[in-house]
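# Fold and contact review
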Amino acid sequence: MKSLILMSMLSMLWWRNHILMMLMSLELLLLCSMLMMINSSPNNSSFILVLFLAMSVLLASMGLSMLVNMARTHMSSLSLPLIN
């Protein structure tokens, strides 16, 4: 599990210029943290897990909408035009 977290963080650093790949890395990080929460919870706290899943979906949809908005305004999904 820790290797997946490390892999998602390294891929965020590797693909820092491409926003779609950064979003995918963040999704992998959220998925790993969700799996860690499921495995580590001694009691069945399904309400917290459903709340975490809902927040993850909300953050993913916001990230995708920001990507679409930036792609429309800058005609690219790369983050390099924002730096200049």
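Everything quoted here is computed from the prediction, not taken from an experiment.

### As for the overall build of the protein chain
- If you tally the helices and strands in the protein chain, you get four helices and zero strands.
- N-terminal to C-terminal, the α/β element order of the protein chain is α-α-α-α.
- Evaluated residue by residue, the protein chain yields a buried proportion of 17% over its 84 residues.
- A fraction of 51% describes how many contacts in the protein chain between residues 6 or more apart in sequence connect residues 24 or more apart.
- Of the roughly 6,400 Å² of accessible surface on the protein chain, a fraction of 76% belongs to carbon and sulfur atoms.

### Concerning a nonpolar patch on the surface
- A surface patch of nonpolar side chains, about 710 Å² in accessible area, is lined by Phe 47, Ile 48, Leu 51, Met 55, Leu 58, Leu 59 and Met 62.
- Relative to the helices and strands, Ile 48 is located in helix H3 (residues 46-74).
- With a relative accessible area of 47%, Ile 48 lands in the partly exposed category.

### A closer look at the UniProt feature "transmembrane region" (unreviewed entry) in the protein chain
- Residues given the UniProt feature "transmembrane region" (unreviewed entry) here are residues 20-40 and 46-68.
- Structurally, residues 20-40 comprises 100% helix and 0% strand, and the distance from its first C-alpha atom to its last is 30 Å.
- Along residues 46-68 the backbone is 100% helical and 0% strand, and the end-to-end C-alpha distance reaches 33 Å.

### Some remarks on the packing of helix H2 (residues 19-40) against H3
- Packing of H2 against H3 brings their axes to within 11 Å, and their N-to-C directions diverge by 180°. Relative to H3, the element H2 is oriented roughly antiparallel. Between H2 and H3, the residues in contact are Ile 19, Leu 20, Leu 23, Glu 27, Leu 30, Ser 33, Met 34, Met 37 and Ile 38 and Ile 48, Leu 49, Phe 52, Leu 53, Ser 56, Ala 60, Gly 63, Leu 64, Leu 67 and Met 70, respectively.
- In terms of residue class, the contact of H2 with H3 is built from 15 nonpolar, three polar and one charged.

### Here's the deal with H2
- The terminal C-alpha atoms of H2 lie 31 Å apart, and with 22 residues this matches the ideal 32 Å at 1.5 Å per residue to within 8%.
- Of the surrounding secondary structure, the elements contacted by the buried residues of H2 are helix H1 (2-14) and H3.

### Some details on the packing of H1 against H2
- Where H1 meets H2, the axes come as close as 8 Å, and the angle between the chain directions of the two elements is 165°. Classified by the interaxial angle, the pair formed by H1 and H2 is roughly antiparallel. Crossing angle aside, the handedness with which H1 passes H2 is left-handed. On H2, the residues that touch Leu 4, Ile 5, Met 7, Ser 8, Met 9, Ser 11 and Met 12 of H1 are Met 22, Ser 25, Leu 26, Leu 28, Leu 29, Cys 32 and Met 36.
- Partitioning the contact of H1 with H2 into residue classes produces eleven nonpolar, three polar and no charged.

Procedures and definitions
- Residues numbered from 1 in each chain as written.
- Predicted model: local features only at pLDDT ≥ 70, side-chain atom pairs only at ≥ 80, totals over all residues.
- Heavy atoms only, no water.
- Helix = DSSP H or I, 4+ residues; strand = E, 2+ residues; numbered from the N terminus.
- Buried < 20%, exposed > 50% of the residue type's maximum accessible area, 1.4 Å probe, protein only.
- Contact = heavy atoms within 4.5 Å.
- Areas by Shrake-Rupley, 256 points an atom, 1.4 Å probe, with all protein chains shown as cover.
- Patch = residues over 30% accessible without salt bridge, like charges linked within 9 Å, V, L, I, M, F, W, Y side chains within 5 Å.
- Salt bridge = Lys/Arg side-chain N within 4 Å of Asp/Glu carboxyl O.
- UniProt positions renumbered as here; feature names shortened; annotations may be inferred.
- Axes fitted to C-alpha atoms, helices over the stretch in contact; angles between N-to-C directions.
- Parallel < 35°, antiparallel > 145°, perpendicular 65-115°, else oblique.
- Nonpolar A, V, L, I, M, F, W, Y, C, P; charged D, E, K, R; others polar.
- Expected span 1.5 Å × (residues − 1).
- Left-handed = near helix turned anticlockwise from the far one by under 90°.

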